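Close look at the chain arrangement
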Amino acid sequence: MAWTTEYLKLSRSPEAADELELSYFNAAWGSLIGDVWYTYMNVMSGERILAPDILGPAGFEGGTEMSCCQTNGARGISQAAEWAVLTDDEALYLNYYGPCNAQARTPGGRPLGIQQETAYPADGRILITLSPEQPERFPLYLRIPGWSKKISLSVNGEPVETPLPGRYTVLNREWRKGDVIGLQLDMTPHYLEGEQECAGKWSVYCGPLLLARSWEKEQAPSPQSLTLTKEELAGLERVEDPSVLLRVRTTKGTELVSYCDAWEKGRLYETWFSIV
């Protein structure tokens, strides 16, 4: 993520920003176990084990708290501040979506507040309110994720030209305090085909969130429960659960949870499914 952040700063590549978002919500947050500890190995399937449980016997007093797992895990999460909003002398780039109240600078160097009201990444509706210190004209580049096939965009309630996925869409205008950008992203499930040992299987995403099926160690799931159909996934229903980023239920009753939350002690999980 550190190298990709630097590449994004140099290239302004929307593909790099997409990769950072995927890593942030899945790998970075997925490595945090509870409120303090990070995992030693952030595996796609199986079990996540606390770093101190593996490193403790080989460490020294106080060393476990400063292991590479602990420091790099925290770095991956906090580094979002380096790529969420980028500004240069000509334009401003908004790469991060999620509930926040960010403080940035306009291309003219003036203070700019950026408030986002949204349930993203669990929901695709995003309201962005800009609060520049004074009116200023500049191009605002909004990242449109490559996985979002249907997009709608408005400024102060007025629709604008439909953006293209996998690119930045440019809004070049004079921005005033209270201007609101409405962005609706497509949260229809999308898939990544497995390779090598995962050939013939697929991972399932809702927006940027990788989905997982989890279960108690003593209650191994049947192969049938790890086989999904695109029809049942097309009708995913969101299950209200404030303890996780996203929990959904298929039309056949199978529950899936955001990968970053599939870590409970004593449970196993799977992110590769047979899709028929």
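Residues numbered from 1 in each chain as written. Predicted model: local features only at pLDDT ≥ 70, side-chain atom pairs only at ≥ 80, totals over all residues. Heavy atoms only, no water.

1. Let's talk about the overall build of the protein
Just so we agree on the cut-off: Secondary structure follows DSSP: runs of H or I at least 4 residues long count as helices, runs of E at least 2 residues long count as strands, and numbering of each begins at the N terminus. As a reference, a globule follows 2.2 Å times the number of residues to the power 0.38, and the radius of gyration itself is taken over C-alpha atoms. Any residue under 20% of the maximum accessible area for its type is buried, any over 50% is exposed, and the rest in between are partly exposed; the area is computed with a 1.4 Å probe on protein chains only. In this description, contact between two residues means that some pair of their heavy atoms is separated by no more than 4.5 Å.
Helices and strands together make up the secondary structure of the protein, namely six helices and 21 strands. Computed over its C-alpha atoms, the radius of gyration of the protein comes to 20 Å, within 12% of the 19 Å expected for a compact globule of 276 residues. Along the first, second and third principal axes, the C-alpha set of the protein runs to 60 × 55 × 35 Å. Looking at the 276 residues of the protein, the share that counts as buried comes to 47%. Residue pairs in contact within the protein that sit at least 24 positions apart in sequence constitute 58% of those at least 6 positions apart.

2. Things to note about the sheet that holds strand E7 (residues 125–132)
As a reminder of what qualifies: DSSP calls a pair of strands paired once it identifies at least 2 bridges connecting them.
Spatial ordering of the open sheet is given by E5-E6-E7-E12-E9-E10, a layout of six strands whose pairing is antiparallel. Only two strands of the sheet have a single neighbouring strand rather than two, namely strand E5 (100–105) and strand E10 (158–159). Where E7 and strand E12 (residues 179–184) come together, six bridges link them in antiparallel fashion. Considered in E12, the bridge of Leu 127 is made with Gly 182.

3. As for the sheet that holds strand E8 (residues 136–144)
Operational definition: Under this scheme, a helix contributes an axis fitted over its contacting stretch, all axes are lines through C-alpha atoms, and angles between N-to-C directions fall in the 0 to 180 degree range.
Ordered by their spatial adjacency, four strands build an open sheet running E3-E4-E8-E11, and the pairing between neighbours is mixed. Each edge of the open sheet carries a strand with a single partner, namely strand E3 (85–87) and strand E11 (167–175). Neighbour-to-neighbour, the strand axes of this sheet turn through a mean angle of 20°, independent of strand direction. Seen against the sheet, helix H2 (residues 14–30) touches E8 and E11 and runs at an angle of roughly 60° to E8.

4. What to know about unusual backbone geometry
Looking along the chain, the bond that leaves Tyr 120 and enters Pro 121 is cis, with omega of 15°. By the element assignment, Pro 121 lies in the loop between strand E6 (111–118) and E7. Phi at Arg 12 takes a positive value of approximately 55°, unusual for a residue other than glycine. Tracing the backbone through its elements, the reader meets Arg 12 in the loop between helix H1 (2–11) and H2.

5. Some remarks on the side chain of Asn 26
The following threshold applies: Polar contacts, as counted here, are pairs of nitrogen or oxygen atoms within 3.5 Å of one another; within protein the pair requires one atom able to donate a hydrogen and one able to accept it, and residues that are adjacent in sequence qualify only if both atoms are side-chain atoms.
For Asn 26, the location among the structural elements is in helix H2. Its relative accessible area of 7% is what places Asn 26 among the buried residues. Among the polar contacts made by the side chain of Asn 26, one reaches the main-chain carbonyl oxygen of Pro 208 at a distance of 2.8 Å. A polar contact is formed between the side chain of Asn 26 and the backbone nitrogen of Leu 210, at a distance of 2.9 Å. Those residues in contact with Asn 26 that sit more than four places away from it in its chain are Asn 42, Tyr 205, Pro 208, Leu 209, Leu 210, Tyr 259 and Cys 260.

6. Comments concerning the pattern of salt bridges
What counts is decided by this rule: Every case where a carboxyl oxygen of Asp or Glu lies within 4 Å of a side-chain nitrogen of Lys or Arg is listed as a salt bridge.
Applying the stated criterion to the full structure yields 14 salt bridges. The residue Asp 88 makes a salt bridge to Arg 12 at a minimum N-O spacing of 3.5 Å. Remark: Arg 12 occurs in the loop between H1 and H2 and Asp 88 occurs in the loop between E3 and strand E4 (92–94); sequence separation between them is 76 residues. Judged by its relative accessible area of 18%, Arg 12 falls in the buried class. Glu 21 is the salt-bridge partner of Arg 143, the closest N and O atoms lying 2.8 Å from each other. Here Arg 143 is found in strand E8, whereas its partner Glu 21 is found in helix H2, with 122 residues between them in sequence. Glu 21 matches Arg 143 in its accessibility class, with the two residues each being buried.

7. Description of the nonpolar core
Heads up, the rule is: Nonpolar cores are built from buried Ala, Val, Leu, Ile, Met, Phe, Trp, Tyr and Cys residues. Side-chain atoms within 4.5 Å join them into one set.
Counting residues in hydrophobic clusters, the biggest one holds 56 residues, and the most contacted among them are Tyr 97, Ile 128 and Ile 181. For this core, the leading source of residues is H2, giving six residues. Non-local contacts of Tyr 97, meaning those with residues more than four positions away in its chain, are made with Phe 25, Gln 116, Tyr 120, Ile 126, Ile 128, Leu 142, Arg 143, Leu 183 and Leu 185. Counting eight residues, the second-largest nonpolar core is a separate cluster that includes Tyr 205, Ala 212, Val 244 and Ala 262.

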